[in-house]
Amino acid sequence: MTDIQVRSETNDDIRAIDVVNLSAFQGEAEARFVTNMRKSADFKPETSLVAEFNGRIVGHVLLTRVTMRKDSGDVSILLLGPMSVVPSQSHRGIGTELIKAALDKAKALHFGAVIVIGHPDYYKRAGFEAASKWNLRYSINVLDDAVTGMELIKGTLEGGGEVILPPDFASVIYG
Ligand SMILES: CC(C)(COP(=O)(O)OP(=O)(O)OC[C@H]1O[C@@H](n2cnc3c(N)ncnc32)[C@H](O)[C@@H]1OP(=O)(O)O)[C@@H](O)C(=O)NCCC(=O)NCCS
């Protein structure tokens, strides 16, 4: 859709992103996670994407660099999420555009893989696969069935390993 534009966040977007996350999710955990990640030394505004529809911010997705400990050594991959679209604008393809833009960004930054925790059926529509096929483990308690992944560089997830998730992410999963 041509009237949906996805771009990286700027300082002027921070309040609007908060509103999007608070309106899309039941509680405040996701909005708090995004706010906390923004304060982390590792945060890069280019990996926090907003969707504008008719000039208003109606969607957001965060990409966070996480380490995957493989037998062959550590690799950096991306965790996609939280992702949110304001309820009044859902089913317009905004979420789909956010995922596409997030994958383009991940490729442009030369990451080899992206994983997502939650709503596996939704992400499978966008080409993600059940992460169980790669035998991943996680630093916090995560249901294997909830995780999907996509290799952007073939072999990145092969052989499995432990993904070190931000400790705060537990609040996003469990509220
Ligand atoms: C999930 C979400 C991001 C989808 O955004 P969206 O802009 O409506 O997505 P799209 O328009 O691209 O796609 C909508 C399709 O996805 C499907 N879909 C939405 N949520 C889904 C889910 N949890 N599981 C499977 N399919 C889902 C819908 O059936 C819909 O299909 P339809 O339009 O043919 O009925 C949005 O509904 C949202 O913010 N939800 C609350 C927060 C959330 O759960 N975020 C994702 C987890 S991090």
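The coordinates are above.
Computed from a prediction, not measured in an experiment: that's the story for all the values here.

**Student:** When you look at unusual backbone geometry in this model, what are you seeing that I'm missing?
**Tutor:** Backbone phi values are negative for most residues with the exception of glycine, while trans is the configuration of most peptide bonds. Put simply, glycine 81 and proline 82 share a cis peptide bond, and its omega is 0°. Here proline 82 shows up in strand S4 (residues 73–85). At histidine 119, a position not held by glycine, the phi torsion is positive, near 50°. The residue histidine 119 is located in the loop between strand S5 (113–117) and helix H4 (120–125) in this model.

**Student:** Hey, could you run me through helix H3 (residues 94–108) in this one?
**Tutor:** For the α-helix, the turn length of 3.6 residues means that residues three or four positions removed from each other point alike. The terminal C-alpha atoms of H3, which comprises 15 residues, lie 21 Å apart, in line with the 21 Å expected from a rise of 1.5 Å per residue. Ile94, Gly95, Leu98, Ile99, Ala101, Ala102, Leu103, Lys105 and Ala106 are the residues of H3 that are buried. Positive backbone phi, at 65°, marks histidine 110, one or two positions downstream of H3.

**Student:** Is there a simple way to explain the environment of glutamate 46 in this structure?
**Tutor:** Within the secondary structure, glutamate 46 sits in the loop between helix H2 (29–39) and strand S2 (48–53). Under the relative-accessibility criterion, glutamate 46 is labelled partly exposed at 32%. Between the C-alpha atom of glutamate 46 and that of proline 120, which follows or precedes it by 74 residues, the distance is 25 Å.

**Student:** Before we go on, may I ask you to explain the pairing of S2 in this structure?
**Tutor:** In regular strands, side chains alternate between the two faces of the sheet. For S2, a buried count of six out of six residues is recorded, marking the element as mostly surrounded by other parts of the structure. Every second residue of S2 is oriented toward a common face, with Ser48, Val50 and Glu52 on one face and Leu49, Ala51 and Phe53 on the other, all of them buried. Examined bridge by bridge, strand S1 (residues 4–8) and S2 share five bridges and lie antiparallel to one another. Directly across from glutamine 5, in S2, lies its bridge partner glutamate 52. Once S2 ends, the chain turns through two residues before running back antiparallel as strand S3 (residues 56–70), passing asparagine 54 with a positive phi of about 50°.

Scoring rules and cut-offs
- Residues numbered from 1 in each chain as written.
- Predicted model: local features only at pLDDT ≥ 70, side-chain atom pairs only at ≥ 80, totals over all residues.
- Heavy atoms only, no water.
- Helix = DSSP H or I, 4+ residues; strand = E, 2+ residues; numbered from the N terminus.
- Expected span 1.5 Å × (residues − 1).
- Buried < 20%, exposed > 50% of the residue type's maximum accessible area, 1.4 Å probe, protein only.
- Pairing = 2+ DSSP bridges.

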